[in-house]
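Residue-level structural notes
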Amino acid sequence: MPGAKITALGCYAPPGVLTNHDLEKMVETSNEWILERTGILERHIAAPEIATSDLAVEAAREALAQRGIAGTDLDAVIVCTVTPDMLFPSTACLVQDRLGAKGAWGFDLVAACSGFIYGLTTGAHLIMSGTHKKVLVIGADTMSRIIDYTDRGTCVLFGDGAGAMLLEPAEDGEGFIGFLNEIDGSGGDYLKMPAGGSRMPATCESVAGRMHYVKQDGAQVFKYAVRKMYESCRALLDLHGLSPKDVSLLIPHQANRRIITAAAERLGLSCEQIIINIDRYGNTTAATIPLATRDAIDQGRLKKGDLVLFAAVGAGFTVGTNLWRWEY
Ligand code: UT7
């Protein structure tokens, strides 16, 4: 059975920026509150004509160019998102077409903030099955389309962005090491978009009731996220006979600086072992992990041979952790 490794990374954040000071003019909030409670300074927001597939294609093209391959070389495209261009066709189909990935198959993967980690897990197993040579995993979300900019509890948190990683077969000991993913639907009510699906289709009433926006009980999500981020990282490391000191870098989902530092503290990780870039992007849902990986590379904090722990907790609840040996 072959292994799977990450061989390229592409990222894209739309040029528009919404700062905390901009938000001060929109809702009853302050730069100080947002920074202290979340760690966020600004987030990127897509122009009105831009949709998730546009962000995804930009990130995907960069990954393909980095590896010097064409869309036709891809065997599968997985788009992790909770903000598809439309319910169907899938955003994966739209992206596949624009990349010219003729002959590839693919699908959208809905796991909110854990989406990219579930995509990596799935992509790695397609490669390890021996049936796929090149799988492109994309995390892309245009959260600004489903955020209520009159709700200060959520509108300060989210931003738009995309990232893509290319997965290819690996030699023994390279790349993918393992995963521990878990869903817990009992937490579904704490973070959701109630309308727009088959339970509550779009009606004048659902729109007037602002039900097509993200609703969150922040305190409940916060508590769960801190506990599960720690527990799942710990359990995955235990499973592989590793300890936190073996980890070169924890690349966590960026939902709140306090969630990351609390989990890292419980794991006994030093500041050098974690990457935080929520200040510049906010929570971009499925895109946070590749965007943070890009920053780690740019800062010279991620090198070939490093042991990387990816971890996320999100709506659902969904929990995801992956261990990889970084290979380029
Ligand atoms: O990606 C996974 C999904 N999401 C998350 O992981 C988010 C998890 N939750 C959080 O990050 C935090 O719970 C929040 C950042 C959402 C909220 O921070 P908090 O420290 O838990 O605040 P809180 O909800 O307990 O609210 C404290 C106070 C409240 O006022 P009162 O009731 O004490 O008077 C809120 O109304 O802060 C108020 N508040 C704000 N004040 C200024 C809530 N949002 C704001 C705001 N600006 N933007």
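Residues numbered from 1 in each chain as written. Predicted model: local features only at pLDDT ≥ 70, side-chain atom pairs only at ≥ 80, totals over all residues. Heavy atoms only, no water.

What follows deals with the pattern of salt bridges. Under the defined criterion, the tally for this structure stands at 14 salt bridges. Between Arg37 and Glu36 there is a salt bridge, with the nearest N and O atoms lying 3.8 Å from each other. You can call Glu36 exposed: its relative accessible area is 58%. Arg67 is paired through a salt bridge with Glu168; the nearest N and O atoms lie 2.4 Å apart. Within this pair, whereas Arg67 is found in helix H3 (residues 52-67), its partner Glu168 is found in strand S7 (residues 160-170), the two being separated by 101 residues in sequence. Here Arg67 falls in the partly exposed class, since its relative accessible area comes to 39%. Shared partners join several salt bridges into a network, and the residues in it are Glu182, Arg227, Lys228 and Glu231. (Salt bridge = Lys/Arg side-chain N within 4 Å of Asp/Glu carboxyl O. Buried < 20%, exposed > 50% of the residue type's maximum accessible area, 1.4 Å probe, protein only. Helix = DSSP H or I, 4+ residues; strand = E, 2+ residues; numbered from the N terminus.)

On to the packing of aromatic side chains. Per the counting criterion, the structure on display carries 6 aromatic pairs. For the pair Phe176 and Phe179, a centre-to-centre distance of 6.5 Å together with 25° between the ring planes defines the contact as stacked. Using a relative accessible area of 34% as the deciding quantity, one classes Phe179 as partly exposed. (Phe/Tyr/Trp six-rings, centres within 6.5 Å; stacked < 30°, edge-to-face > 60°.)

Taken together, 23 residues are adjacent to the ligand, and Thr29, Arg37, Cys113, Asn256 and Asn283 come closest. In this structure, His253 approaches the ligand through a side-chain N or O atom, which is 2.9 Å from an oxygen atom. Across the complex, the protein chains shield 70% of the 940 Å² of accessible surface that the ligand would expose by itself. Listing elements by their share of the shell around the ligand, those giving two or more residues are helix H2 (31-38), helix H6 (152-155), helix H8 (218-239) and helix H9 (257-267). (Near = heavy atom within 4 Å. Polar contact = N/O pair within 3.5 Å; in protein donor to acceptor, adjacent residues only side chain to side chain. Areas by Shrake-Rupley, 256 points an atom, 1.4 Å probe, with all protein chains shown as cover.)

What follows concerns the sheet that holds strand S13 (residues 318-325). Here we have 4 strands laid out as an open sheet, ordered S8-S13-S12-S11, and mixed in their pairing. One side of each edge strand has no neighbouring strand; the edge strands of this open sheet are strand S8 (176-183) and strand S11 (249-252). When the angles between neighbouring strand axes are averaged without regard to direction, this sheet yields 10°. Pairing of S8 with S13, which is carried by 7 bridges, proceeds in the antiparallel orientation. Counterpart to Ile183 in the pairing with S13 is Thr318. Each of S11 and strand S12 (307-314) is contacted by helix H11 (residues 288-298), which is oriented at about 145° to S11, the strand it contacts most. (Pairing = 2+ DSSP bridges. Axes fitted to C-alpha atoms, helices over the stretch in contact; angles between N-to-C directions. Contact = heavy atoms within 4.5 Å.)

The subject of this paragraph is the domain arrangement of the chain. Per the domain assignment, the segments of the chain are domain 1 (3-173) and domain 2 (177-325). Of note, the centres of domain 1 and domain 2, computed from C-alpha atoms alone, are 14 Å apart. The partner domain 2 presents 44 residues to the 54 residues of domain 1 that form the contact. Both sides of the domain 1 and domain 2 interface together cover about 3700 Å² of buried area, and 63% of this is carbon and sulfur. Summed over the three residues of domain 1 that lose the most area to domain 2, namely Cys113, Ile117 and Tyr118, the buried surface amounts to 17% of that side. Put simply, domain 1 and domain 2 have 2 salt bridges between them. (Domains from an automatic or database assignment. Buried area = accessible area lost by both parts, 1.4 Å probe.)

Counting 42 residues, the largest nonpolar core has Leu250 and Leu309 as its most contacted members. Elements represented by at least two residues in this core include exactly H8, H9, S12 and S13. Here this core takes 9 residues from H8, the largest share from any one element. Ignoring anything within four residues of it in the chain, the contact list for Leu309 reads Cys233, Leu236, Leu237, Val247, Leu249, Leu250, Ile251, Asn322 and Leu323. Grouped together as the second largest cluster of nonpolar side chains are 38 residues, Ala4, Phe116, Ile275 and Ala286 included. (Core = buried A, V, L, I, M, F, W, Y, C linked by side-chain atoms within 4.5 Å.)

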